[in-house]
Every structure is written in structure tokens, then in C-alpha cells.
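Spelled out, the chains give:
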Amino acid sequence: MDEFLSYRPLDRRESLPLPDGKRVAVNVVMNIEHYEYLPPANPHRDYFYRVPAKPDIVGYSFRDFGNRVGFWRMLPVLDDSPVQVTCSLNCEVLRLYPDIAEAMVERRWSFMSHGTYNSRLLFGESESAEREFYDYTISTVRELTGYRMRGMLGPSFSATPATYRLMAEAGMTYTTDWFIDDQPFRLDGPSGGGLIGVPYSREVNDALLFPGSPMFGLDSDYFAEIVQSQYEVLSAEAHERDTAYVMTIALHPLYMGIPHRIGHLAQMFERLSSHDDIWWTTPERIAAHVDAIGWC
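Residues numbered from 1 in each chain as written. Predicted model: local features only at pLDDT ≥ 70, side-chain atom pairs only at ≥ 80, totals over all residues. Heavy atoms only, no water.

## Focus on the side chain of Gln183
Operational definition: Only runs of H or I of at least four residues qualify as helices and only runs of E of at least two qualify as strands under DSSP, and these elements are numbered from the N terminus. As used in this structure description, the phrase polar contact means that two N or O atoms lie within 3.5 Å; if the pair is within protein, one of them must be able to donate a hydrogen and the other to accept it, and residues adjacent in sequence are counted only when both atoms belong to side chains. When checking whether two residues touch, look at their non-hydrogen atoms; a contact exists if any pair is within 4.5 Å.
Along the polypeptide, Gln183 turns up in the loop between strand 5 (174–175) and strand 6 (185–186). For Gln183, the side chain forms a polar contact with the side chain of Thr243, separated by 3.1 Å. Residues in contact with Gln183, not counting those within four places in the same chain, are Leu10, Arg13, Leu16, Pro199, Thr243, Ala244, Tyr245 and Trp295.

## Here's the deal with helix 8 (residues 259–272)
Three- or four-residue spacings in an α-helix give side chains the same orientation, since the helix completes a turn every 3.6 residues. Our working definition: Accessible area is worked out with a 1.4 Å probe on protein chains only. A residue is then buried under 20% of its type maximum, exposed over 50%, and partly exposed in between. Here the arc refers to the set of directions running from the helix axis out to each C-beta atom.
Among the residues of helix 8, Arg261, Ile262, Leu265, Met268, Phe269 and Leu272 are the ones counted as buried. In a view along the axis of helix 8, the buried residues occupy a sector of 120°, so they form one face of it. Facing away from the buried surface of helix 8 by more than 90 degrees, the exposed residues are Pro259 and Glu270. At its buried positions, helix 8 is contacted by strand 1 (24–32), helix 1 (57–79), helix 6 (220–241), strand 8 (245–251), helix 7 (253–256) and strand 9 (278–281).

## A few points about unusual backbone geometry
The phi torsion at Asp20 lies on the positive side, around 60°, for a residue other than glycine. In this structure, Asp20 sits in the segment before strand 1.

## Thoughts on the packing of aromatic side chains
Applicable threshold: Think of it this way: a Phe, Tyr or Trp ring, Trp meaning its six-membered ring, pairs with another when their centres are within 6.5 Å, and the plane angle makes it stacked under 30 degrees, edge-to-face over 60, tilted otherwise.
Inspection of the entire model under this criterion finds 11 aromatic pairs. Relative to Tyr134, the ring of Phe133 has its centre 5.1 Å away and its plane inclined at 70°; by these criteria the two rings are edge-to-face. According to the relative accessible area criterion, Phe133 is buried, its value standing at 13%. A relative accessible area of 1% means that Tyr134 is categorised as buried. A centroid spacing of 5.3 Å and a plane angle of 85° characterise the contact between Phe157 and Phe179, whose relative ring orientation is edge-to-face.

## A look at the state of the cysteines
The condition that has to hold: The disulfide criterion is simple: two cysteine sulfur atoms within 2.5 Å.
For the structure on display, the rule yields 0 disulfides. With no disulfide of its own, Cys87 lies closest to Cys91 among cysteine sulfurs, the gap being 11 Å.

## Focus: the UniProt feature "domain: NodB homology" (unreviewed entry) in the chain
In plain terms, the rule: UniProt positions are given in the numbering used here, feature names are shortened, and annotations may be inferred rather than shown by experiment.
When the UniProt feature table is mapped onto this chain, "domain: NodB homology" (unreviewed entry) is found at residues 64–174. Secondary structure over residues 64–174 splits into 50% helix and 11% strand, and the C-alpha atoms at its two ends are 29 Å apart.

## Observations concerning the nonpolar core
What counts, and what does not: The criterion is simple. A nonpolar core is a set of buried Ala, Val, Leu, Ile, Met, Phe, Trp, Tyr and Cys residues joined through side-chain atoms within 4.5 Å.
Ranked by internal contacts, the top residues of the largest apolar core, which has 64 residues, are Met104, Phe223, Ile249 and Phe269. It is helix 6 that contributes the most residues to this core, 7 residues altogether. The contact partners of Ile249, leaving out residues within four places of it in the chain, are Val26, Asn27, Val28, Val29, Val204, Phe223, Val227, Met268, Phe269 and Leu272. Core analysis: the next-biggest nonpolar cluster, separate from the first, contains 18 residues, Tyr174, Val246, Trp279 and Ile286 among them.

## Considerations on the packing of helix 1 against helix 8
Stated precisely, the cut-off is as follows: All axes are obtained by fitting lines to C-alpha atoms, using only the stretch in contact for helices, and the reported angles, taken between N-to-C directions, cover 0 to 180 degrees. For classification, angles of less than 35 degrees are called roughly parallel, those exceeding 145 degrees roughly antiparallel, those between 65 and 115 degrees roughly perpendicular, and all remaining angles oblique. Two helices cross in a left-handed way if the nearer one is turned anticlockwise from the farther one by less than a right angle. They cross in a right-handed way if the turn is clockwise.
Here helix 1 crosses helix 8 at 30°, and the two axes come no closer than 10 Å. The angle between the axes of helix 1 and helix 8 places the two elements in the roughly parallel class. Two packed elements cross with a definite hand, and for helix 1 against helix 8 that hand is right-handed. Touching Phe65, Arg73, Met74, Val77 and Leu78 of helix 1 are Pro259, Ile262, Leu265, Ala266 and Phe269, all from helix 8.

## Side note on the pattern of salt bridges
This is how it is decided: Any carboxyl oxygen of Asp or Glu that lies within 4 Å of a side-chain nitrogen of Lys or Arg is treated as forming a salt bridge with it.
Under the criterion given, the structure shown has 13 salt bridges. In this structure, Glu92 engages Arg95 in a salt bridge whose closest nitrogen and oxygen atoms are separated by 3.5 Å. The partner of Arg165 in a salt bridge is Glu169, and the shortest N-O contact between them spans 3.5 Å. Taken as a pair, Arg165 and Glu169 lie in helix 5 (residues 163–169) at a separation of 4 residues, close to a single helical turn.

## Describing the environment of Phe179
Structurally, the position occupied by Phe179 is in the loop between strand 5 and strand 6. Residue Phe179 is classed as partly exposed on the basis of its relative accessible area, which comes to 38%. Note: C-alpha distance between Phe179 and Val69 (110 residues apart in sequence) is 30 Å. Not counting chain neighbours up to four residues away, the residues in contact with Phe179 comprise Phe157, Tyr200, Ser201 and Arg202.

And the structure:
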């Protein structure tokens, strides 16, 4: 692991201060994705493995529901909440769904890269192809939104051995790929590129509600409860240890934008907004903050 980062046990770290004395940095990530109807083959993963030959109507259509319907159902809930939304973006969404692009820009959302399409992965890419990937995604988002992306969640959590070094070379400052901590950390090993790691989540993540996932059958009421429980434990520990934690809530319009789930999303944000020790923020601002104070 020292190829990427050094080990810092939780109980031997200095206190992490947040702006205005807050204790829990809550960032909400909306994954706005597009899966191709006939994606190119990747020998390392097949998204539409349910069928012996493409197309997979079921696999494609339930994913595209998020862009046609779920995104628009979630917008009023997000607008009525205190969250500072970051879009984990497949950049081709901006060309395919200009209405979605306009809505996100109008709301001044932050953007981090999630690749081009979610059906195209980094697994197996050469360094030259991966460099072109960063140039393309960064320039596309800047051209179509005016936003200069500073971080990435790898498309479907894919990476190569050179990913973090190449991200740093492309001018990125943070990654959300690593689930190893509840506080920010620096990828300070020779392959880490010096990036700040901002904790993401595979647990406080509505994608675990979909069929085939480990938690399938525990629907949105359960998701709302674990979000609240996550906050309560982090807040209590932060006050006890005189420090702060990061809590990421990962959302996908194809899951949480379904009609029977939207009320639980509103309830979740209503409960969290009653707490005054939350810093509603973004991964980019978290990375910039810890870098500025030299914490990690």
C-alpha cells in the first residue's frame, strides 16, 4: 500500500478543523451517467452480461430512466435542501442531454469526472490513451459548462496502475476512488501523484438498492435510516475526539428518482438539515481546505 499512501491510524492523528467549527463535512454526489445501447467490448467487464448478445433492453432502459425522469424528480428535493451538489459526470451527458446540462449549470453545481460514458472503463488502457482521456474529459466539461474539473471518481470505479499519477499530471487535485477512511488523506506514495483522497462511500450509496446488490430488498426507508445513523456516529465521535469527519452521500437518479423513493430522499435531507454541526460542502472544497491547512 505504501506505493500509494502511508498508514495513519485514526487514534494517532492531529485534530482536523473545519470552517466555522463544524464537525461533519457532508457532501452529496449525484452520479449523472449514460450507458450506451451497444457499448464497445471491454475484456475486463461486461455491463450487460444478462443477455448472450447485445442489446440488453432491460439493462439499458432502467439506467436511462434516470436521465429521462429520475433527475427531474429529484431536482425540487435538492433545490429545497441545504446540500451543495457535486455531479459525478459522464461528460457525454452534456452533449446527449443538453437540458440536464443547462439545469446543472444554472444551479452552479460542482463537477468531477466520471469518464465519458459509464459503459467505457479505464481497465486495460495504455498511458497514452489515458492521458488523452483526461485531456478530453477536462476540456469537454470546461467547454460546455465553464467549469474546470479538479477531481474524478473513476468510471465504474475503474483505474490503471498509472491513474493517479496521470490525474495529477493533468492538473487534478483529488480522487474519490478510495473507500479506506472517514477523513481526507493524501496519496503520498510514488504512484499517488500527491492527490488528496476524499472519502466516498459504497454503503451510504443508493446504488446498493438495485437488484443484484448485497443490500437489495432493504429499500429507501432503510437507506434514509443508515444515512441518519452514519451522521449520528460521525458527529458523536468528532465531538468526543475534537476532530472532524467526511460523510459522502452518493445518489443516482435511476435509483432515488423512482416515485416510491423520492419521499424518503426529502425526509433524509430534512432530518440532516436540523443539525448545526454539518458543513455542507463538495469534494473539491474539502480537498482545497485540507491542502490549505496542511492537514494531510
